[in-house]
Structure formats: structure tokens, C-alpha cells
Amino acid sequence: QPTSQPTSQPTSQPTPQPTLQPTSVPTPQPTPAICTADTYSGLGCNGIHAGGTYTAVFLPKFWRWSGGSQEDLPKSIWVAGNCYYVEFFDEGETHGYPDNVKLWNPQGCYQLPDDLQEDLGGIYLQPTIHGIG
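Residues numbered from 1 in each chain as written. Predicted model: local features only at pLDDT ≥ 70, side-chain atom pairs only at ≥ 80, totals over all residues. Heavy atoms only, no water.

Q: Help me understand the overall build of the chain, please; the structure alone is not making it clear to me.
A: Helices and strands together make up the secondary structure of the chain, namely one helix and eight strands. Going residue by residue from the N terminus, the α and β elements of the chain occur as β-β-β-α-β-β-β-β-β. Once local pairs closer than 6 in sequence are excluded, the contacts in the chain between residues at least 24 apart make up 65%. With an accessible surface of roughly 8100 Å², the chain has 53% of that area assigned to carbon and sulfur atoms. (Helix = DSSP H or I, 4+ residues; strand = E, 2+ residues; numbered from the N terminus. Contact = heavy atoms within 4.5 Å. Areas by Shrake-Rupley, 256 points an atom, 1.4 Å probe, with all protein chains shown as cover.)

Q: Please clarify how the pattern of salt bridges should be interpreted in this entry.
A: Side chains carrying opposite charge are able to pair once their charged atoms draw close together. Taken as a whole and judged by the stated rule, the model has one salt bridge. Where Lys75 meets Glu118, a salt bridge forms, and the shortest distance between an N and an O atom there is 3.5 Å. Of this pair, Lys75 sits in the loop between helix H1 (69–72) and strand S4 (76–81) while Glu118 sits in the loop between strand S7 (108–111) and strand S8 (120–127), and the two are 43 residues apart along the sequence. Accessibility expressed as a relative area gives 43% for Glu118, which makes it partly exposed. (Salt bridge = Lys/Arg side-chain N within 4 Å of Asp/Glu carboxyl O. Buried < 20%, exposed > 50% of the residue type's maximum accessible area, 1.4 Å probe, protein only.)

Q: Can you help me understand the confidence of the model for the chain in this one?
A: Low pLDDT means the predicted atomic positions in that stretch should not be read closely. Summarising the model, the chain shows a mean pLDDT of 84, and 74% of its residues fall at 70 or more. The least confident element of the chain, judged by mean pLDDT, is H1 at 89; the most confident is S7 at 96. (pLDDT = per-residue confidence, 0-100.)

Q: Sorry, what's going on with the environment of Lys75 here?
A: Relative accessible area serves as the criterion here: at 24%, Lys75 is assigned to the partly exposed category. Spatially, the C-alpha atom of Lys75 lies 7.6 Å from that of Leu116, the residues being 41 residues apart in sequence. Setting aside residues no more than four positions away along its own chain, Lys75 makes contact with Tyr40, Ser41, Gly42, Leu43, Gln111, Leu112, Gln117 and Glu118. One polar contact links Lys75 to Glu118, side chain to side chain, over a distance of 3.5 Å. (Polar contact = N/O pair within 3.5 Å; in protein donor to acceptor, adjacent residues only side chain to side chain.)

Written as C-alpha cells, this is what we have:
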């Protein structure tokens, strides 16, 4: 539980979801569990931003598309934040398909396999919720 005043010594456990900037007073609830993915046209998460930034806050969320830059350009995906599980799926498929790329606790850049490069059908993001995942 947050304390009403700063502690004189470090706490035994890190803050589950720290904010980027210090807050003036303790927050009544933990900050949201946020999981984000960005798609790129280059193999090392470089090149052009290829479709968008996808963000799930607290609850799992997925996106599907057919055609356009979201499907036709990505070769790599940058995953950041508090992500418990992330899934990338092929055009024509959806979340849960056995051949999808599935990552647990991902962080950083991931190159899409050949069959998903320039043929990404969607993304599923599940944030880590403190105490779950």
C-alpha cells in the first residue's frame, strides 16, 4: 500500500506500476498496466512507422485489419510497457490460432517471421495486472 509520506528507507518491494514522473501525493490506486506495440517496416524496428501504436490498458485488446499499411508494411514490432502476453497473427487469422507468434513478458524489438512480414493480420495485447500474470 502507498504511504501518506515518503519513507526514510527504501521499501522491500518495488512499486508494481511506477509512474514516469514523481507525483506530488501518493495515488489512491496503482497506475494502469499499459502494454504497447509499434510496427515498423525495417527488420530491426527501424524504417518507417508502419501502421500505428497499439495500446492496451488493464484489459486485453486486439486489432484486426485487412489491407493497408498495418498489414502490408510491418517486418518488426517493438513491444514496451507491462505486457504479460502478446500475439501477432497472419492475415485471415485471429487471436488464438495455433500458428500465431506468441510471446510472454516481451520487451523490445521482435522480427516477424517470413510468413507474417508484410502480411500482418492483427495484434493481441494483454497487460500485466499486479497479482495476475
